[in-house]
Amino acid sequence: EADIYQTPRYLVIGTGKKITLECSQTMGHDKMYWYQQDPGMELHLIHYSYGVNSTEKGDLSSESTVSRIRTEHFPLTLESARPSHTSQYLCASSGRGGTGELFFGEGSRLTVL
Amino acid sequence: AQRVTQPEKLLSVFKGAPVELKCNYSYSGSPELFWYVQYSRQRLQLLLRHISRESIKGFTADLNKGETSFHLKKPFAQEEDSAMYYCALSGGSSGSARQLTFGSGTQLTVLP
């Protein structure tokens, strides 16, 4: 079934640890995005990709990095997690045609102690 | 720079009453506006886009360029409309989601 998947859904980790949030989509979309969302706040774009080997930083500065080696996979990595990274991270994708519709995953809620 | 403002974080109405969720934007060019919705324990999803001029689940939204607004309206609210609603603006070409800017959201609660 065509969908977009995020793992883990919840992660509690100590300061200084390296973490990777996984995002995969089976919709054949070329564009993928990572948004960061704090409770009661707007979604902020932190990374996006228009295709394989194409990644750009979004409007909100983030210490995380991303890679796009395969069309369907867009992982986000934090080399050394800090409490300030505690947030919800939403992955999304969109197809060709530029309709503006994003398809979101269920999100990964990260807590750094 | 583009910006989306949703002035109400929380909005409560009674079932059957009209509901209006406000959205104002700032953008110098010709924007494309969207409403996204997140129901409890579900993922964020597109509700409607201004370019389609459609009514989804009884909701409509009209782009008012003079007032730079894109308010979401429904004449008779239902309990299942309770959700978080986000207004979003695309200032890029062809609705490029690269430029999609979201507001902070309005939590709508429809009371029985």
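See the structure above.
Residues numbered from 1 in each chain as written. Chains lettered and ligands numbered in written order. Predicted model: local features only at pLDDT ≥ 70, side-chain atom pairs only at ≥ 80, totals over all residues. Heavy atoms only, no water.

Turning next to the packing of aromatic side chains. Residues and elements named next belong to chain A. For the structure shown, the criterion picks out 8 aromatic pairs over all chains. Look at Y35 and F104: their rings are 6.0 Å apart centre to centre, the planes differ by 50 degrees, and that puts the pair in the tilted class. Of this pair, Y35 sits in strand β4 (residues 31-37) while F104 sits in strand β10 (residues 103-104), placing them 69 residues apart in sequence. Classification of Y35 as buried rests on a relative accessible area of 0%. The exposure class of F104 is buried, given its relative accessible area of 1%. (Phe/Tyr/Trp six-rings, centres within 6.5 Å; stacked < 30°, edge-to-face > 60°. Helix = DSSP H or I, 4+ residues; strand = E, 2+ residues; numbered from the N terminus. Buried < 20%, exposed > 50% of the residue type's maximum accessible area, 1.4 Å probe, protein only.)

Residue and element names in this part refer to chain B. Take S12: it is sitting in strand β2 (residues 10-14). Between the alpha carbons of S12 and L108 there is a distance of 5.8 Å; along the sequence they are 96 residues apart. Those residues in contact with S12 that sit more than four places away from it in its chain are T109 and L111. (Contact = heavy atoms within 4.5 Å.)

Remark on secondary structure: sheet strands pair via backbone hydrogen bonds, oriented parallel or antiparallel. All names here are of chain A. Ordered by their spatial adjacency, 4 strands build an open sheet running β1-β3-β8-β7, and the pairing between neighbours is antiparallel. Two strands lie at the open edges of the sheet, namely β1 (4-7) and β7 (65-66), each paired on one side alone. Of the pairings in the sheet, the one linking β7 to strand β8 (residues 76-78) comprises 2 bridges and is antiparallel in character. Each bridged residue has a counterpart across the sheet, and for T65 the counterpart in β8 is T77. (Pairing = 2+ DSSP bridges.)

Residue and element names in this part refer to chain A. Along strand β11 (residues 108-112), the buried face is formed by S108, L110 and V112; none of R109 and T111, which line the opposite face, is buried. Of the strand pairs in this sheet, strand β2 (residues 10-13) and β11 are connected by 4 bridges, and their pairing is parallel. Looking at the pairing, I13 lines up with V112 of β11. By the bridge criterion, 3 bridges tie strand β9 (residues 87-94) to β11 in an arrangement that is antiparallel. Bridge assignment links Y89 to a residue of β11, and that residue is S108.

With that out of the way, let us pick up the sheet that holds strand β7 (residues 60-61) of chain B. Residues and elements named next belong to chain B. If you trace the 3 strands from one edge of the open sheet to the other, you get β3-β8-β7, paired in antiparallel fashion. The outermost strands of the open sheet, each flanked by one partner alone, are β3 (19-21) and β7. When β7 meets strand β8 (residues 72-74), the two strands line up antiparallel, connected through 2 bridges. The residue bridging T60 from the neighbouring strand is K73, located in β8.

All right, on to the nonpolar core then. Ranked by internal contacts, the top residues of the largest apolar core, which has 24 residues, are B:W35, B:L72 and B:Y85. In terms of residue count, the dominant contributor to this core is strand β9 (residues 83-90) of chain B (4 residues). (Core = buried A, V, L, I, M, F, W, Y, C linked by side-chain atoms within 4.5 Å.)

Oppositely charged side chains are able to pair whenever their charged atoms sit close together. Counted by the stated rule, this structure contains 9 salt bridges over all chains. A salt bridge links A:D3 to B:R43, with the shortest nitrogen-to-oxygen separation between them at 2.7 Å. Taken together, the positions of A:D3 in the segment before β1 and B:R43 in the loop between β5 (32-38) and β6 (45-49) put the pair across two chains. By relative accessible area, which is 19% here, A:D3 ends up buried. Put simply, A:E106 and A:R9 hold a salt bridge, and the shortest N to O gap is 3.6 Å. Separated by 97 residues along the polypeptide, A:E106 in the loop between β10 and β11 and A:R9 in the loop between β1 and β2 bring together distant segments of the chain. Judged by its relative accessible area of 33%, A:R9 is partly exposed. (Salt bridge = Lys/Arg side-chain N within 4 Å of Asp/Glu carboxyl O.)

Here the focus is the state of the cysteines. In protein chemistry, a disulfide is the covalent bond that joins the sulfur atoms of two cysteines. Inspection of every chain in the model, using the stated rule, returns 2 disulfides over all chains. Two residues share a disulfide in this structure: A:C23 and A:C91, whose sulfurs sit 1.9 Å from each other. When the S-S torsion is -75 degrees, as for the bridge of A:C23 with A:C91, the disulfide is left-handed. Here A:C23 is found in strand β3 (residues 19-25), whereas its partner A:C91 is found in strand β9, with 68 residues between them in sequence. Residue A:C23 shares its accessibility class with A:C91, and that shared class is buried. There is a disulfide in this structure between B:C23 and B:C87, and the S-S distance comes to 2.0 Å. One disulfide, between B:C23 and B:C87, carries an S-S torsion of -65 degrees and so falls in the left-handed class. Within this pair, whereas B:C23 is found in the loop between β3 and β4 (24-26), its partner B:C87 is found in strand β9, the two being separated by 64 residues in sequence. By relative accessible area, which is 0% here, B:C87 ends up buried. (Disulfide = S-S within 2.5 Å.)

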